Amino acid sequence: MTSVQNHRLPSSGNKNQPIGTNKDCINRINKSNVKHLLILASLFFIVTGFSSEGLAQDRYRSHQVLAGETVYSIAQKYKIPEAEIYRLNPDARKGIGLGSILIIPSEMIIQSGSEPVDFKRHKVRRKETLFSISQKYNITVDDIKKYNKHLYSKGLKKGEKLQIPIFPKVESTATVVTNNETNNAKAESQTHIIQAKETKYGIARKYGITIAELEAMNPDVPANFPIGSILNVPNNSVTESATIEESTFDFYEVQPKEGFFRLKVKLGLTEEEIVALNPYAKDGLKAGMILKIPKESATGLDTGRVNKINLEERINDRSRKRVAVLLPFQLRKMDRDSLELNEDLIKDNRTLRIALDFYSGVLMAAEFAKDKGISLELNAFDTEGSSNTTAGILAGNNFESMDAVIGPLLSKNVERAAGILKSDNVPVFSPLSNRNIKLTSNLFQTLPKDELLETSMIDYLKENAGDRSVLLISDNTKARQKAAIMAALPAAKTLSPREKGFLYVVDIEQKIDKTRENWVILESDDPVIISNVVGLLNGMPATYGIRLFTTDKNDSYDYHDISNVHLANLQFTFPSISKSYDYNEKNAFLTSYKNKFGVLPNRFAVRGFDVTYDVILRLASEGNVYDAIDSDLETEYIENKFRYQKKMFSGYSNQAFYILKYNEDLRFEVVK
């Protein structure tokens, strides 16, 4: 693995297509582009002193699972708690197989009952408790209070700095030795056996704690909280039951900065109504609190009101921010001494080119942030595209102090990174994949999902069709989309390709209304059908007023036989996760990029800039990204915009998108 800090490296490419299209000019590599990418990769070697060693830190080792081994037997072998194996290898909770690779700590730091030999400064993060901090450093709550005496009379405050005692290291055993004093955290808790129909949200609500606090108190319990598991919980409960009437009620997790007024706007519930259902809320709301709310309130959490903001105008925290970037640079495959081999590698390795271009945008964002006076420490790591390497990087470096992590690229690696960093509440941003991923509470999906784009396009058609004639042309692979469109536009006419997979002019002519404008919706993944329909529609008289739409501009629209001129003539309109920049536009980012690298940025470089700059500005506006999230506020940059919405008991997903239309000059116009 490789760590890179604070570099300015060149990239390449020129891309004027939305990120949702597949006209990927990054694959058409010329010598100039390869030269820039070679310089970029070479700088990685020079700056990092790249090493081929596996785990960079001596504190960790890898273990390949042998036949018959279990997590318990491996823990016994290395004399470490099973919980430590699960912490470093979250997937192990689902079982381990022959040949699996586990990350194993070389030693455990445990308390010997002696005086501390040193102290470490700990900055209290959002949702942390004394118990979770004590678990993190393997000390007792009393130890923390002893060296931070104000905590005997006052509670924790986010952002305050604590003195954490560091005790002498002793050889690890299966049993952790503690002070003779009773562990305060244990004394303040009782046990709870999970019953049928109980969930972690109901249990957290019953005992008046947040999900994060409940998980911190029970690090060894599987994430799905199976029936019969024994949990550590606070001594006092605030409600009688951990279950609710599922047919009429739901749970809601209070977000940062949400008060009763905000929830009245969001849920339609007054303070009195909320307190009546949740008596413990009478003393006020706090982030992470679990509320019982009527089901009809839970269904309308998106208010629909969107306000665009400029975070550059909201900078009020210029203190040092630590951001990590995890990308598959695959430097092991590079040859330090062979330019020719490296050139071939870059030409043949699309993932490497994407990583290098994306990172060039990251670096430009860092420069822009510094120009705004924001202090930034940027750390880059080579994941090599491997889930195990990703886990090793996270285990071998101080990620708990990171303010944000961008990457990895692959969805499975993002999930693993977010799972490992969840206990430290470090936000992880998935930059380039909009596949369905498991959204943990600290995971941000930066690309809107295809389902959102489809639904939004149908809503647009429903709102704007008016008295126009609507014709839906779809094949048998789009039955679900057809049903959704017909539900929204019941008066629409329908047409399907003939048995051989194409249409004749007469087929469409019979459906066209010659007296008014015609909106044609085309739903297909078949490039032949799309080419056939686009060609026929383009050849019809202009008096028909034909305009073409789709809910899914998939890769088939980039088929060589489909003319962009024809699409422009038809004012082709579609949903997209991004727009394309105008290369003639005077833009500070485009100008700076061209001046530095000699080429205009491609879509991956722009994506790297937009995602990273948004993360940095959120940190600079509120101090942490969680407090900077408001589902009614939207930010926009070169080609992308962001409006994150917290999923119920889950992570964050981007709800911002574009509806684009081809103009006659072959440029995209934003219609929504």
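Above this text is the structure in question.
Please read these numbers as outputs of a predicted model, since none were measured by experiment.

## Regarding the overall build of the chain
Secondary structure assignment for the chain yields 22 helices and 26 strands. Here the chain, with 672 residues, has 54% of them falling under the buried criterion. For the chain, the proportion of contacts with a sequence separation of at least 24, taken over those separated by at least 6, is 73%. Summing over all exposed atoms, the chain offers an accessible surface of approximately 29,900 Å²; the carbon and sulfur share of this is 48%.

## Considering the packing of helix 13 (residues 350-371) against helix 21 (residues 588-597)
At a minimum axis separation of 11 Å, helix 13 and helix 21 run at an interaxial angle of 115°. One way to sum up the angle between helix 13 and helix 21 is to call them roughly perpendicular. As helix 13 packs across helix 21, the resulting crossing turns out to be right-handed. Counted together, Asp357, Ser360, Met364, Glu367 and Phe368 of helix 13 and Ala588, Phe589, Ser592, Tyr593, Lys596 and Phe597 of helix 21 form the full contact between these two elements. Of the residues contributing to the contact of helix 13 with helix 21, the split by class is 6 nonpolar, 2 polar and 3 charged.

## Considering the pattern of salt bridges
Taken as a whole, this structure holds 25 salt bridges when the rule is applied. With a shortest N-O distance of 3.0 Å, Arg468 and Glu517 are connected by a salt bridge. Remark: Glu517 occurs in the loop between helix 18 (505-509) and strand 18 (518-523) and Arg468 occurs in the loop between helix 16 (450-464) and strand 16 (469-474); sequence separation between them is 49 residues. Where salt bridges share partners, they join Lys200, Glu215 and Lys422 into one cluster.

## Quick notes on helix 14 (residues 387-396)
Within helix 14, 9 of the 10 residues are buried, leaving the element largely enclosed by the surrounding structure. Along helix 14, the residues that are buried comprise Ser387, Thr389, Thr390, Ala391, Gly392, Ile393, Leu394, Ala395 and Gly396. Measuring from the backbone nitrogen of Asn388 back to the side-chain oxygen at the start of helix 14 gives 3.2 Å, which picks out Ser386 as the cap.

## What about unusual backbone geometry?
Along the chain, Gly407 connects to Pro408 via a cis peptide bond; the corresponding omega equals 0°. Backbone geometry at Gln571 places phi at a positive 50°, although glycine is not the residue there. Take Gln571: it is sitting in the loop between helix 20 (564-569) and strand 20 (573-576). Given a relative accessible area of 33%, Gln571 falls into the partly exposed group.

## Side note on the pairing of strand 8 (residues 249-253)
Regular strands place their side chains on alternate faces of the sheet. Buried residues dominate strand 8, accounting for 4 of its 5 residues. Note: strand 8 against strand 9 (residues 290-294), 5 bridges, orientation antiparallel. Counted as the bridge partner of Phe251 is Lys292 from strand 9.

## Some points on the nonpolar core
Of all hydrophobic cores here, the largest spans 58 residues; its most connected members are Tyr359 and Phe589. Elements with a minimum of two residues in this core: strand 11 (321-327), helix 12 (339-348), helix 13, strand 12 (376-382), strand 13 (404-406), helix 21 and helix 22 (603-622). Counting residues per element, this core draws most heavily on helix 13, which supplies 13 residues. Leu522, Ile530, Leu548 and Phe668 belong to the second largest nonpolar core, which has 29 residues in total.

## Re the packing of aromatic side chains
In the structure shown here, the tally under the stated rule is 25 aromatic pairs. Taking 6.2 Å as the distance between ring centres and 70° as the angle between the ring planes, the aromatic pair formed by Phe429 and Tyr644 counts as edge-to-face. Linking Phe429 in strand 14 (residues 428-430) with Tyr644 in strand 23 (residues 644-646), this pair joins segments that are 215 residues apart in sequence. For the pair formed by Phe429 and Tyr644, the shared burial category is buried. Relative to Tyr504, the ring of Phe502 lies with its centre 5.3 Å away and its plane at 90°, an arrangement referred to as edge-to-face. The ring of Phe225 carries Lys200 above its face, with NZ or CZ at 5.0 Å from the centroid. The ring of Tyr652 has Lys646 sitting right over it, with the charged end atom 5.6 Å from the ring centre.

## Here's the deal with the sheet that holds strand 21 (residues 633-636)
Taken together, 3 strands build an open sheet; the order of strands is 10-21-22 and the sheet is mixed. What marks the edges here is a single partner per strand, and that holds for strand 10 (307-308) and strand 22 (641-642). Bridge analysis of strand 21 against strand 22 gives 2 bridges, and the strand direction is antiparallel. Bridge pairing in strand 22 links Thr635 to Phe642.

## Quick look at the pairing of strand 18
Judged by how many residues are buried, strand 18 sits mostly within the fold: 6 of 6 residues are covered. Neither face of strand 18 is left uncovered, since the one carrying Asn518, Val520 and Leu522 and the one carrying Trp519, Ile521 and Glu523 both have all their residues buried. Across 4 bridges, the pairing between strand 18 and strand 19 (residues 546-549) is parallel. Within the sheet, the bridge partner assigned to Val520 lies in strand 19 and is Leu548. Considered for its hand, the β-α-β crossover made up of strand 18, helix 19 (residues 527-538) and strand 19 is right-handed.

## Topic: the environment of Lys514
With respect to the helices and strands, the residue Lys514 is situated in the loop between helix 18 and strand 18. Among the residues examined, Lys514 registers a relative accessible area of 46% and is labelled partly exposed. Taking the C-alpha atoms as reference points, Lys514 and Ser469, 45 residues apart in sequence, are found 9.5 Å from one another. If sequence neighbours within four positions are ignored, Lys514 has contacts with Glu509 and Tyr544. Polar side-chain contacts of Lys514 include one of 2.9 Å to the backbone oxygen of Glu509.

## Quick look at the side chain of Ser621
Counting through the fold element by element, Ser621 comes out in helix 22. In this structure Ser621 touches Leu311, Arg314, Ile315, Asn316 and Ala628, once residues within four positions along its chain are discounted.

## As for the environment of Phe597
Here Phe597 lies in helix 21. Given a relative accessible area of 3%, Phe597 falls into the buried group.

## Digging into the side chain of Glu523
Position of Glu523 relative to the elements: it lies in strand 18. Buried charge without a partner: Glu523 forms no salt bridge, and the closest opposite charge is Lys478, 4.8 Å away. Within polar-contact distance, the side chain of Glu523 engages the side chain of Thr550 at 3.3 Å. Beyond its immediate chain neighbours, meaning those up to four positions away, Glu523 contacts Leu472, Ile473, Ser474, Asp475, Lys478, Gln481, Ile485, Thr550, Thr551 and Asp552.

## A short note on the environment of Gln135
Here Gln135 lies in helix 4 (residues 130-137). A relative accessible area of 39% means that Gln135 is categorised as partly exposed. Put simply, Gln135 and Met217 are 82 residues apart on the chain and 8.2 Å apart in space, counted from C-alpha to C-alpha. In contact with Gln135, not counting residues within four places along its chain, are Ala216 and Pro219.

Definitions and cut-offs
- Residues numbered from 1 in each chain as written.
- Predicted model: local features only at pLDDT ≥ 70, side-chain atom pairs only at ≥ 80, totals over all residues.
- Heavy atoms only, no water.
- Helix = DSSP H or I, 4+ residues; strand = E, 2+ residues; numbered from the N terminus.
- Buried < 20%, exposed > 50% of the residue type's maximum accessible area, 1.4 Å probe, protein only.
- Contact = heavy atoms within 4.5 Å.
- Areas by Shrake-Rupley, 256 points an atom, 1.4 Å probe, with all protein chains shown as cover.
- Axes fitted to C-alpha atoms, helices over the stretch in contact; angles between N-to-C directions.
- Parallel < 35°, antiparallel > 145°, perpendicular 65-115°, else oblique.
- Left-handed = near helix turned anticlockwise from the far one by under 90°.
- Nonpolar A, V, L, I, M, F, W, Y, C, P; charged D, E, K, R; others polar.
- Salt bridge = Lys/Arg side-chain N within 4 Å of Asp/Glu carboxyl O.
- Polar contact = N/O pair within 3.5 Å; in protein donor to acceptor, adjacent residues only side chain to side chain.
- Pairing = 2+ DSSP bridges.
- Core = buried A, V, L, I, M, F, W, Y, C linked by side-chain atoms within 4.5 Å.
- Phe/Tyr/Trp six-rings, centres within 6.5 Å; stacked < 30°, edge-to-face > 60°.
- Lys NZ or Arg CZ within 6 Å of the ring centre and 35° of its normal.
- Right-handed = clockwise from strand over helix to strand, strands pointing away.
- Lys, Arg positive; Asp, Glu negative; His and termini not counted.

Keep in mind these numbers describe shape, not what the thing actually does.
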